[in-house]
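Structural description and commentary
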Amino acid sequence: MQILLGSLLNGLIYGMLLFMLASGLTLIFSMMGVLNFAHASIYMLGAYFAYDVSRYISFWAGLIIAPLACGLIGAAIEVWGLRRCHRSGHAAELLFTFGLVFIIQRLVMMVWGTLPVPYQVPGSLNFTLFALYGQNFPAYRGFMLLVSAGMLLTTWLVLKKTRIGLIIQAALTHPNMVAALGHDVPLVFTIVFAGGCALAGLAGVIGGNYFTTDSGMADALGPIVFVVVVFGGLGSLVGCFIASITMGLVQTFAVTANGSISSLFAPLGFDLGGDTLLGEILTLPIARIGPLLPYILMILILFFRPRGLMGTRDA
Amino acid sequence: MSDATRPRDSALIANRRRFQGLRAASPWLAVLAVAVLLPWLFYDYAHGRQNSFMISMFSQMGMMVIFALAFNMLMGEAGLMSFGHAAFFGFGGYCVAHFLNAAAEGDFPVPLELMPLAAGLSGLALAIVFGSLATKQRSTAFAMITFGIGQLMATAALMFQHFFGGESGVSTDRQSTYSLLGIDYAQGLEVYYLIVAWALIAALGMHYLTGTPLGRMVNACRDNHERAQFMGYNPRMVRFLQFALSGFFAGTGGGLYAITYEIVTYDAVNLPLSGNALLMAYIGGVGTFTGPVLGAVLITAMQSGVSLMSNSWVIYVGTLFIVMVTFAPAGLTGIIKAHAPLARAGRLGRLVVPYLRLTTPGLMVVLGFVCLVEMLSFLTIGAAEGKKFNVLGLSPDLHASPPWLIVAACLSIGAIWLRREARLFHRVWDTLMADLGPAGNR
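Residues numbered from 1 in each chain as written. Chains lettered and ligands numbered in written order. Predicted model: local features only at pLDDT ≥ 70, side-chain atom pairs only at ≥ 80, totals over all residues.

1. Here we look at the overall build of chain A
In terms of helices and strands, chain A carries 14 helices and two strands. Residues counted as buried form 46% of the 315 residues belonging to chain A. A separation of at least 24 residues holds for 76% of the contacts in chain A among residues at least 6 apart in sequence. (Helix = DSSP H or I, 4+ residues; strand = E, 2+ residues; numbered from the N terminus. Buried ≥ 20, exposed ≤ 12 C-beta atoms within 10 Å, placed from the backbone. Contact = placed C-beta atoms within 7 Å.)

Rendered as structure tokens:
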């Protein structure tokens, strides 16, 4: 019970963090058809910016400044990079962001060094919120949940209740019609791209000190975010949300689960061990298969629902 | 009379055919000759031995040529972007490592010369499995699925000890099997010639495929997927076949990798290698058959050469890639091809002056950028490694502002100047093209 509840909370936090990244990616992808490979790199930049700001001012200033900086970088990428590439089609835009991944990673190593930076949880949040079956629940995790829930609510309100949200939603499905109605669709694109990058930056601010802030953090999370977007389906924020939470829970539960595939069959009297490849697959603890699960889930969902969980259209 | 001339006509035609065949074969023969002679250009005559650094670089080039061409079967020919193509390359490599180990125990009596073929078949098998899934989609969704497949393989490679050997990889010995030609492959040069032979075979095979009905349909599905469907073809099947064949050739390259290095680690299936194929094909030019070859040779040379001098070659290649994507999406061969109409009209000479005017600001930008990157990376990475900063024989104090100001000025002045010159160049180019008229735009 204690493990179950603990994993549930941790999985929820991880899932919300994934959603913060994936929501921006899905919005950008659905609207502009651009799969932003550098999205996780922006997340990494957010963490590093927050580290720098927290060194000189405070964590709370970083919580505001770092996402804004990431949003500005996103806007710059969109205006000076992607628009130029747009002439040569979506492939060029995709490749442009792919090149950015290499450059940003190397730049981060050049500016902040190759070792992890000591980006710490702020002192004012470094206490135990409550104890659960003898396990302490740090206040910072509660704060992370709060921030991501607040972000979710804000995004939902902006998309559903404001005029710009209405235009964004319309541009999501009918960009040409929206342009024909006289809206500045390129500007909407820039806003969405910058907004998505700001969200990624925010995820970096609160995720950087939860995990570690190093030059490998983009590579660690980037592929999972892609899986979430594919799994959730293109053009669907709800699908993206479900996928994020699912991935978060699956990965957290896998780590805490003990036993292997062969242990499922053990009560039936089968012994599926043995020193073969199949034996190894079957006896490998589920905790170690954890990193593999998102990709297996993605392949499964694509096999049964090629458009993803809630996807409404093909790419 | 007419009966008497016929034999002469047919002899003429046969002659012409032979001539055309020779013309088609000549670039291949030229490449073969260069590849065979290349190691001897760097032969160390003083010590009477081969230059092993150069040989290993040329061997790497050979594998990468195969890999980049296989990648371009999807990217250029089919318009499908694969971000996990190293999965097939690496799988071929792992399989050959196991085949060689099995051969050592006498279970797999295949000569070394045919091992790349076995690797190709392994790659083909894996590509059939993953391809049946990935080719359900096209364009961006396809790219994402292949990305997932690549990640799946890379993660699995670290996880399963039996097949992938975990982090330490699978080691093998290429001399554990016999040779058809009686060569023992103890020397790097012998392996290099094996790679050349296989690179040529693979390239010929892929070139042949572009002319087959399948190759044509692949192009048709890339250009207009709906019209191909109306013609009664199943674009998914076409994509699938091309994907499987591409997996075959990528596996061949991977087999040569295993033979050369005698160890296959998860680097051979990981994302950076998939990215490399993309960089090579794109920088070389995806629109032509020779593009990926040029790209593979160039990037491998850069990788080997620049990484000796500087540890930030990634940033240079990345920047080059972004610049190419933005300004020259057709790649290097695309740029060369754009000059063909001018060359035919004999007006290439008029571009000499504009090109010369581009060089000074261009060099300024490159120099400024390189210095900036090196100085930045020295401050954090180089200093920690205890190196001394050294550019052009100067070692300025990087904690003072003058070197930074000079470099920033060099970069910004160069950039502004380059913009002006580029505009001028464009004007000259446009007038020249307009003068050629519609004939020039063929």
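2. A closer look at the overall build of chain B
In terms of helices and strands, chain B carries 17 helices and two strands. For chain B, the residues scored as buried account for 40% of the 442 residues in total. Across chain B, contacts joining residues at least 24 apart in sequence account for 76% of those joining residues at least 6 apart.

3. Quick notes on the packing of helix H5 (residues 139-161) of chain A against helix H6 (residues 163-173) of chain A
All names here are of chain A. Where H5 meets H6, the axes come as close as 5 Å, and the angle between the chain directions of the two elements is 80 degrees. One finds that H5 runs roughly perpendicular with respect to H6. Within the contact between the two elements, H5 uses Val158, Leu159, Lys160 and Lys161 and H6 uses Gly165, Ile168 and Gln169. When its residues are assigned to classes, the contact of H5 with H6 shows three nonpolar, two polar and two charged. (Axes fitted to C-alpha atoms, helices over the stretch in contact; angles between N-to-C directions. Parallel < 35°, antiparallel > 145°, perpendicular 65-115°, else oblique. Nonpolar A, V, L, I, M, F, W, Y, C, P; charged D, E, K, R; others polar.)

4. Examining the nonpolar core
Counting residues in hydrophobic clusters, the biggest one holds 196 residues, and the most contacted among them are Leu21, Val225 and Val228 of chain A together with Leu69 of chain B. Beyond its immediate sequence surroundings of up to four residues, valine 228 of chain A is in contact with Leu18, Ala22, Cys240, Ala243, Ser244 and Met247 of chain A. (Core = buried A, V, L, I, M, F, W, Y, C linked by C-beta atoms within 7 Å.)

5. Here we look at the domain arrangement of chain B
Residues and elements named next belong to chain B. For chain B, the domain assignment lists domain 1 (26-322) and domain 2 (339-441). Taken together, the contact pairs four residues of domain 1 with four residues of domain 2. Here the residues of the side of domain 1 that touches domain 2 sort into one nonpolar, three polar and no charged. (Domains from an automatic or database assignment.)

6. Observations concerning the interface of chain B and chain A
At the junction of the two partners, chain B supplies 38 residues and chain A supplies 42 residues. Contributions of two or more residues to the side of chain B that touches chain A are made by helix H5 (139-159), helix H6 (161-164), helix H11 (271-284), helix H13 (313-327) and helix H16 (352-382) of chain B. In terms of residue count, H5 of chain B provides more of the side of chain B that touches chain A than any other element does, 13 residues in total. Partitioning the side of chain B that touches chain A into residue classes produces 23 nonpolar, 14 polar and one charged.

7. Remarks on the packing of helix H3 (residues 86-104) of chain B against helix H10 (residues 235-261) of chain B
Residue and element names in this part refer to chain B. At a minimum axis distance of 6 Å, the contact between H3 and H10 shows a crossing angle of 50 degrees. Considered as vectors, H3 and H10 are oriented oblique to each other. Judged by the sense of rotation from one axis to the other, the crossing of H3 with H10 is right-handed. Contacts between H3 and H10 involve Phe88, Phe89, Gly90, Phe91, Gly92, Gly93, Val96 and Ala97 from the former and Gly247, Ala250, Gly251, Thr252, Gly253, Gly254, Gly255, Tyr257, Ala258 and Ile259 from the latter. (Left-handed = near helix turned anticlockwise from the far one by under 90°.)

8. Details of the confidence of the model for chain B
Summarising the model, chain B shows a mean pLDDT of 83, and 92% of its residues fall at 70 or more. Per-residue pLDDT, averaged within each element of chain B, yields its smallest value for helix H1 (residues 2-41) of chain B (73) and its largest for H10 of chain B (92). (pLDDT = per-residue confidence, 0-100.)

9. Examining H13 of chain B
Along its 15 residues, H13 of chain B runs 21 Å from first to last C-alpha, staying within 8% of the 21 Å computed at 1.5 Å per residue. Within H13 of chain B, burial applies to Ile315, Val317, Gly318, Phe321, Ile322, Met324 and Val325 of chain B. (Expected span 1.5 Å × (residues − 1).)

10. Section: the environment of glycine 287 of chain B
All names here are of chain B. Among the structural elements, glycine 287 can be located in the loop between H11 and helix H12 (290-309). Given 14 C-beta atoms within a 10 Å radius, glycine 287 is considered partly exposed. Sequence separation of glycine 287 and threonine 333 is 46 residues, and the distance between their C-alpha atoms is 8.1 Å. Among residues more than four places away in sequence, those in contact with glycine 287 are Gly76, Ala330, Gly331 and Gly334.

11. Quick look at unusual backbone geometry
If you check the backbone angles, glutamate 262 of chain B has positive phi at about 60 degrees while not being a glycine. For glutamate 262 of chain B, a count of 17 C-beta atoms within 10 Å gives the class partly exposed.

12. Comments concerning H6 of chain A
Helical geometry: 3.6 residues make up each α-helical turn, so side chains three or four residues apart lie on a common side. Regarding H6 of chain A, the residues found buried are Ile168, Ala171 and Leu172 of chain A. Each buried residue of H6 of chain A sits inside an arc of 110 degrees when the element is viewed along its axis, so together they form one side. (Arc of directions from axis to C-beta.)

13. A short note on the environment of tryptophan 60 of chain A
Mapped onto the fold, tryptophan 60 of chain A is located in helix H3 (residues 59-86). Overall, tryptophan 60 of chain A belongs to the partly exposed group, with 13 C-beta atoms counted inside 10 Å.

14. Structural notes on the environment of arginine 16 of chain B
All names here are of chain B. With respect to the helices, strands and loops of the structure, arginine 16 is situated in helix H1. Overall, arginine 16 belongs to the exposed group, with 10 C-beta atoms counted inside 10 Å. Sequence separation of arginine 16 and alanine 97 is 81 residues, and the distance between their C-alpha atoms is 47 Å.

15. What to know about the confidence of the model for chain A
Overall, the prediction assigns chain A a mean pLDDT of 82, with 88% of residues at 70 or greater. Taken element by element, chain A is modelled with least confidence in helix H11 (residues 261-265) of chain A, mean pLDDT 63, and with most confidence in helix H2 (residues 39-56) of chain A, mean pLDDT 91.

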